[in-house]
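The chain contents come next:
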Amino acid sequence: MEAYFDNSATTRCTQAAADVMQKALLEDYGNPSSLHMKGVTAENYIKTATAQIAKILKVSEKEILFTSGGTESNNLALIGTALANQRAGRHIITTAIEHASVYNPLIFLEEQGYEVTYLPVDHEGRISLEELEAAVREDTILVSMMHVNNEIGTIEPVEEAAARVHAKNPRTLFHVDAIQSFGKLRIYPKRMGIDLLSVSGHKIHGPKGVGFLYIKDKTKIRPIIHGGGQQRDMRSGTENVPGIAGIGVAAAQIYENFDEKIDRLYELREYFTAGMQAFDGVTINGAHGRAAAPHIVSVSFAGIRAEVLLHALEDRQIYVSTGSACSSNHPAISGTLKAIGVKPELLDATVRFSLSVDSTKEEADYVLAQLAELLPQLRRFRRH
């Protein structure tokens, strides 16, 4: 049996998304900027995907900008707004548990003379709204916060955070990294006070190499990729038509029968988490119940190195992660786990299991059964 429990790293593309991509690649392969019918047909794929996504978010189609993925969306949101608003101020607020695609652009901006405040989080990974409000200043141009933490699954109070930020400084822009929340939670940027929202295709059973950034109308932002002026001069370069078509279909599919899917996913997460807690020496990190996303379970196994457990599970066709997949080529102790106060001896003993709407109870049972065998074996070889 195989159990793919690394869906926060990437998901399997749906057949419908793959089919529309294949058609765009092999039949309707025109350049969307071309004036002939092949170009018009290609452009229609982009229009369709834009409409599909705008309908889900309840926003205007002109507020959707396609990118190469979550990293580019975050870079554009941060660097683009910082450059466009620097006369108003150079202060940015974020949290101590952001993804590298937010953290590293902010380091770049610090090198350019911007000041960044990193808010701490509690033991479940949640920010303090009072500390956020206190950090907002007259020269604060941007607050950037993830909606769902990619390692521990905690849901941040983004709607309440946006309200407090805008109440204290109406000019401050509010950016949400929704890469782990889109397709898992309902998101309505206008109702929630979100000015910018980043999403990635391959986290929602769409293709890799494509994402989008919601940019509220009239938001001051500068492009960071210059060229032929595609996408209303905001993101130059020939559009990735197959990828855009794929993310549109995947987004529409993931939000079909949404409540039923997510309720079932929460039930599976609770079942799986309860099975984990039956083992000795196990700690579940982050928030619990509906305060956490329905697909992420972070587990620390006392006395077992995460990498050793990962490969032992892989030998049994169980696929998991030791943290953010984007950091896998540069192994380091997780800043998120440190920020929530995980014991030092558990920092390199933590594994992330991440489910999808396709995950089954049979797969969960298989993982739990294999862990029941493996944990005692691996602890015999633990370090002293």
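Attention in this report is confined to the structure presented alongside it. (Residues numbered from 1 in each chain as written. Predicted model: local features only at pLDDT ≥ 70, side-chain atom pairs only at ≥ 80, totals over all residues. Heavy atoms only, no water.)

1. Section: the sheet that holds strand 9 (residues 282-285)
Going by this rule: Strand pairing requires that DSSP identify at least two bridges connecting the strands. Each helix is a run of H or I in the DSSP string that is no shorter than four residues. Each strand is a run of E no shorter than two, and both are numbered from the N terminus. Note on definitions: angles span 0 to 180 degrees between N-to-C directions of axes, and those axes are lines fitted to C-alpha atoms, for helices only across the stretch in contact.
Spatial ordering of the open sheet is given by 9-10-12, a layout of 3 strands whose pairing is antiparallel. Every interior strand has two partners, whereas the edge strands, strand 9 and strand 12 (350-354), have only one. Within the sheet, the average angular offset between the axes of one strand and its neighbour, ignoring direction, is 30 degrees. By the bridge criterion, 5 bridges tie strand 10 (residues 296-301) to strand 12 in an arrangement that is antiparallel. Bridging from a neighbouring strand, V297 pairs with F353 of strand 12.

2. So, the packing of aromatic side chains
Stated formally: The rule is short: rings of Phe, Tyr and Trp, with Trp giving its six-membered ring, pair when the centres are within 6.5 Å, and they are stacked under 30 degrees, edge-to-face over 60, tilted in between. Relative accessibility decides the category of a residue: with a 1.4 Å probe and only protein chains considered, values under 20% of the type maximum give buried, values over 50% give exposed, and everything between is partly exposed.
Tallying each qualifying case throughout the model produces 7 aromatic pairs. Where F5 meets F272, the ring centres are 5.5 Å apart and the plane angle is 75 degrees; that geometry is what we call edge-to-face. Remark: F272 occurs in helix 9 (residues 258-277) and F5 occurs in the loop between strand 1 (3-4) and helix 1 (15-26); sequence separation between them is 267 residues. Taking the centre distance of 5.2 Å and the plane angle of 65 degrees together, the rings of F182 and Y255 count as edge-to-face. With F182 in the loop between strand 6 (173-177) and helix 7 (189-192) and Y255 in the loop between helix 8 (241-254) and helix 9, this pair connects stretches of sequence that are 73 residues apart. For the pair F182 and Y255, one class covers both residues: buried.

3. Some words on helix 1
The cut-off we apply is this: To estimate the expected span of a helix, count its residues, drop one, and scale the result by 1.5 Å. Here, the arc refers to the directions that run from the helix axis to the C-beta atoms.
Taking 1.5 Å per residue as the helical rise, helix 1 with its 12 residues ought to reach 16 Å, and the 16 Å between its terminal C-alpha atoms agrees with that figure. Every buried residue of helix 1 is listed here: A17, V20, M21 and A24. Axial view of helix 1: buried residues confined to an arc of 100 degrees, hence all on one face. Exposed residues on helix 1 whose side chains face more than 90 degrees from its buried face are Q15 and L26.

4. Quick notes on the packing of helix 2 (residues 37-57) against helix 8
What counts is decided by this rule: Any angle from 65 to 115 degrees is called roughly perpendicular, while one under 35 is roughly parallel, one over 145 is roughly antiparallel, and all others are oblique. Handedness of a crossing follows from how the near helix is turned relative to the far one, being left-handed for an anticlockwise turn of less than a right angle and right-handed for a clockwise one. What makes two residues a contact is simply this: any of their non-hydrogen atoms within 4.5 Å. In the scheme used here, Gly and all other residues not listed as nonpolar or charged are polar, with Ala, Val, Leu, Ile, Met, Phe, Trp, Tyr, Cys and Pro taken as nonpolar and Asp, Glu, Lys and Arg as charged.
Put simply, helix 2 and helix 8 touch, their axes get as near as 8 Å, and they point 30 degrees apart. Classified by the angle between their axes, helix 2 and helix 8 sit roughly parallel to one another. With respect to the hand of their crossing, helix 2 and helix 8 are arranged in left-handed fashion. Residue-level inspection shows A42, Y45, I46, A49, Q52, I53 and I56 of helix 2 in contact with helix 8, the latter providing V241, I244, A245, I247, G248, V249, A251 and A252. Grouping the constituent residues of the contact of helix 2 with helix 8 by class yields 13 nonpolar, 2 polar and no charged.

5. A word on helix 2
Here helix 2 contains 21 residues, and its C-alpha end-to-end distance of 30 Å stays within 8% of the 30 Å for a straight helix at 1.5 Å per residue. Here helix 2 has its buried residues at G39, A42, Y45, I46, A49, T50, I53, A54, I56 and L57. Seen along its axis, helix 2 keeps its buried residues to an arc of 160 degrees; they face one direction. Away from the buried face of helix 2 by more than 90 degrees, exposed residues M37 and K55 are located. Structurally, helix 2 contributes buried residues whose contacts are with helix 1, strand 2 (64-67), helix 7, strand 7 (196-200), strand 8 (211-215) and helix 8. Positive phi shows up at K58, right after helix 2, with a value of about 60 degrees.

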